[in-house]
Amino acid sequence: MQRIILHVDLDYFFAQCEELRNPSLKGKPVVVCVYSGRSEDSGAVSTANYEARKLGIKSGIPIAFAKRSASPETVFLPVDFDFYSEKSEQVMEVLRSFADVFEQASVDEAYLDVSSKAKNFSGAKSLAEKIKSELKEKTGLTCSVGIASNKLVAKIASDFLKPSGLTMVEPRKEAEFLAPLKASRLLGIGKKTTERLENLGIKTIGDLANASPSVLTDEFGRNWTDYFKQSALGIDESPLEPFREAQQISRITTLKQDSNEISFIAPVLDFLSEEIIESAKAEQLFFRTISITAITSKLETHTKSKTFEQPTQSLELLKSTARELMQNFLSQNPELKLRRVGARISNFSKKENQKTLAEF
Ligand code: TTP
Ligand code: MG
Ligand code: MG
């Protein structure tokens, strides 16, 4: 069967989240920053909306540089990972429902294998349009979609037209689509490799496809040459990896009776926390974000989260944070009674005490 893969990537994700909760930002340049705290403007730009990008402001540049290029109405905001993670989860839930096989690839992107759902490429195009409109309707966010016969080309296609783009590369058109694009679009071709390729006169993916294999082998060895050649022609057999890495570990349970008493709910959270930490230890995962879920007797779901600077695996921290989040939620909503409660950890890394900027 013909494989049909969609790659969905949210547009200027963190900045779009900020526009969503504060619509007065719309139309202004918005810059989301990770402040390092050392001095007023030290730190880096996490992302910027398209108005800010027109001023030359983009992910990774120092905040001080961005301020120099900014216009008077440019708005600078600190990152709020909890809010973006919550939105990301909502997005993934919507996307997942459209796929035969689903792989979340980062906080704002996912691969969907829709081979049997869509049947053919024109079906895939209608499906992609439906995904875009349903995502907008349910989460308020816009995305760009790439459709292709494999992950490699789908990912490059989703980035081809942004924001709110839809790019389809039909089977056997892969090499032609890729040819004019910069070689650095391919996975694994960073700054250094780009320089080495340029020294050989190779700038575009098409140049790479046409390059002499022996010249490439002399410079990069056999394995890289094979990879370059295949990728440049848009050949990629890699499967989706639905369970690549846990994005979160969560436990949820129904209370013996509906309640709004922290003294009744906290021991339940403690028990869930112990189970969660056991799983985290088994998978050697350290987490930065702790969330609680509160499902009311009317079956409305509420989530509260807290994110820490440093990854941890501490049961005590999980217990005390879950209790604190729940306590705050209950005191802010005294009229609600809860039927089910849950706890969750996310924002994983494999190591403790490692500075992570962002999961992207
Ligand atoms: P991207 O999808 O790479 O970028 P984006 O969604 O901001 O913009 P685009 O419309 O081009 O897709 O990254 C997703 C989020 O990850 C981004 O909103 C912020 C974060 N991020 C960083 O914090 N630092 C970085 O250097 C990059 C590239 C992303
Ligand atoms: Mg994005
Ligand atoms: Mg992305």
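The structure this text deals with has already been given above.
In this convention, every chain numbers its residues from 1, walking through the sequence in written order. Going through the entries in the order they are written, you letter the chains from A and number the ligands from 1. Reporting in this predicted model follows two pLDDT cut-offs: at least 70 for local features of residues, and 80 or more for side-chain atom pairs to be given and counted; totals over whole chains, interfaces and linings ignore these cut-offs and use all residues. The side-chain figures draw on all heavy atoms in the structure; neither hydrogens nor water molecules are used.

Participant: Residues and numbers for the overall build of the chain, please.
Facilitator: Of the regular secondary structure elements, the chain holds 14 helices and twelve strands. Against the compact-globule benchmark of 21 Å for 360 residues, the chain has a radius of gyration of 23 Å, which places it among compact chains. Judged by the C-alpha coordinates and their principal axes, the chain covers about 70 × 55 × 40 Å. Three labels apply to residues, based on accessible area from a 1.4 Å probe with only protein chains included: buried if under 20% of the type maximum, exposed if over 50%, partly exposed otherwise in between. Every one of the 360 residues in the chain was classed for burial, and the buried ones make up 48%. Contact criterion: two residues are considered in contact whenever any of their non-hydrogen atoms come within 4.5 Å of each other. Contacts in the chain between residues far apart in sequence, at least 24 positions, make up 64% of those at least 6 positions apart. Labels follow the DSSP assignment, with helices taken as runs of H or I lasting at least four residues and strands as runs of E lasting at least two, numbered in each case from the N terminus. Radius of gyration here uses only the C-alpha atoms, and the compact-globule reference equals 2.2 Å multiplied by the residue count raised to the power 0.38.

Participant: Describe in detail the site of ligand 1, supporting the description with residues and values.
Facilitator: Note on definitions. A residue lies near a molecule or strand when any single heavy atom of the residue is within 4 Å of it. Around ligand 1 sit 15 residues, and of these Tyr12, Ser46, Thr47, Tyr50 and Arg53 come closest. At 3.0 Å from an oxygen atom of ligand 1 is found a main-chain nitrogen or oxygen belonging to phenylalanine 14. Contacts described as polar in this section are N or O atom pairs within 3.5 Å, which, within protein, must combine one atom able to donate a hydrogen with one able to accept it, while residues neighboring in sequence count only if both atoms come from side chains. In the model, an oxygen atom of ligand 1 is placed 2.7 Å from a nitrogen or oxygen of the arginine 53 side chain. Under the convention used here, a 1.4 Å probe and the Shrake-Rupley method define accessible areas, while residue burial counts only the protein chains that appear. Coverage of ligand 1 by the protein chains reaches 81% of its 560 Å² of free accessible surface. Secondary-structure elements contributing two or more residues to the shell around ligand 1 are β1 (5-10), α1 (13-21), β3 (43-48) and α2 (50-54). Three classes are used: nonpolar for Ala, Val, Leu, Ile, Met, Phe, Trp, Tyr, Cys and Pro, charged for Asp, Glu, Lys and Arg, and polar for all others, with Gly counted as polar. In terms of residue class, the shell around ligand 1 is built from seven nonpolar, three polar and five charged.

Participant: Could you give me a rundown of the coordination of the magnesium ion (ligand 2), with the residues and numbers involved?
Facilitator: Metal coordination here is assigned from N, O and S atoms located within 2.8 Å of the ion, or within 3.2 Å for Na, K and Ca; omission of water means that sites may look incomplete. The magnesium ion (ligand 2) binds to the protein through Asp9 (OD), Leu10 (O) and Asp108 (OD), with metal-donor distances spanning 2.0 to 2.2 Å. Around the magnesium ion (ligand 2), the six donor atoms sit at angles spanning 78 to 175 degrees, and that spread fits a shape best called octahedral. Every donor residue of the magnesium ion (ligand 2) comes from the same chain, spaced as D-L-x97-D. A distance of 3.5 Å spans the gap from the magnesium ion (ligand 2) to the magnesium ion (ligand 3), which aspartate 9 bridges by coordinating each metal. Highlighted residues: aspartate 9 in strand β1 and aspartate 108 in the loop between β5 (101-106) and β6 (109-113), separated in sequence by 99 residues. We classify aspartate 9 as buried; its relative accessible area is 13%. Angle rules define the geometry names used: all angles between 85 and 135 degrees makes four donors tetrahedral, while opposite donors over 155 degrees apart and all other angles between 65 and 115 make four donors square planar and six octahedral, leaving every other case irregular.

Participant: Quick rundown of the nonpolar core? Include the residues and the values.
Facilitator: Counting residues in each nonpolar core, the largest one holds 39 residues, and the members touching the most others are Ile4, Leu6, Phe13, Tyr84, Leu95, Leu112 and Ile147. Looking at which element gives the most residues to this core, the answer is helix α4 (residues 81-96), with seven residues. To define a nonpolar core, start from buried Ala, Val, Leu, Ile, Met, Phe, Trp, Tyr and Cys residues and group those joined through side-chain atoms within 4.5 Å. Ranked by size, the runner-up nonpolar core spans 27 residues in total, among them Ala266, Ile277, Ala280 and Ile292.

Participant: Account for empty space enclosed by the protein, with residues named and values stated.
Facilitator: Unfilled space is identified by rolling a water-sized probe across the atoms. Buriedness for pockets is judged along seven lines, at least five of which must meet protein on both sides within 12 Å for an open set on the 1 Å grid over protein atoms alone, while cavities are sets there where a 1.4 Å probe fits but cannot get out, and lining residues have an atom within 4 Å of a point. Grid points are joined across faces, edges and corners, and a volume is the space filled by probe spheres set on the points. Following the criterion strictly, the structure yields one cavity of 30 Å³ or more and no others. In this structure, the largest cavity spans a volume of roughly 30 Å³. Residue lining of the largest cavity: Asp82, Ser85, Glu86, Glu89, Thr289, Ser291, Ser305, Arg344 and Ser346, and that is the complete set. Only α4, β10 (286-296) and β12 (338-349) provide two or more residues apiece to the lining of the largest cavity. Its residues placed into classes, the lining of the largest cavity shows no nonpolar, five polar and four charged.

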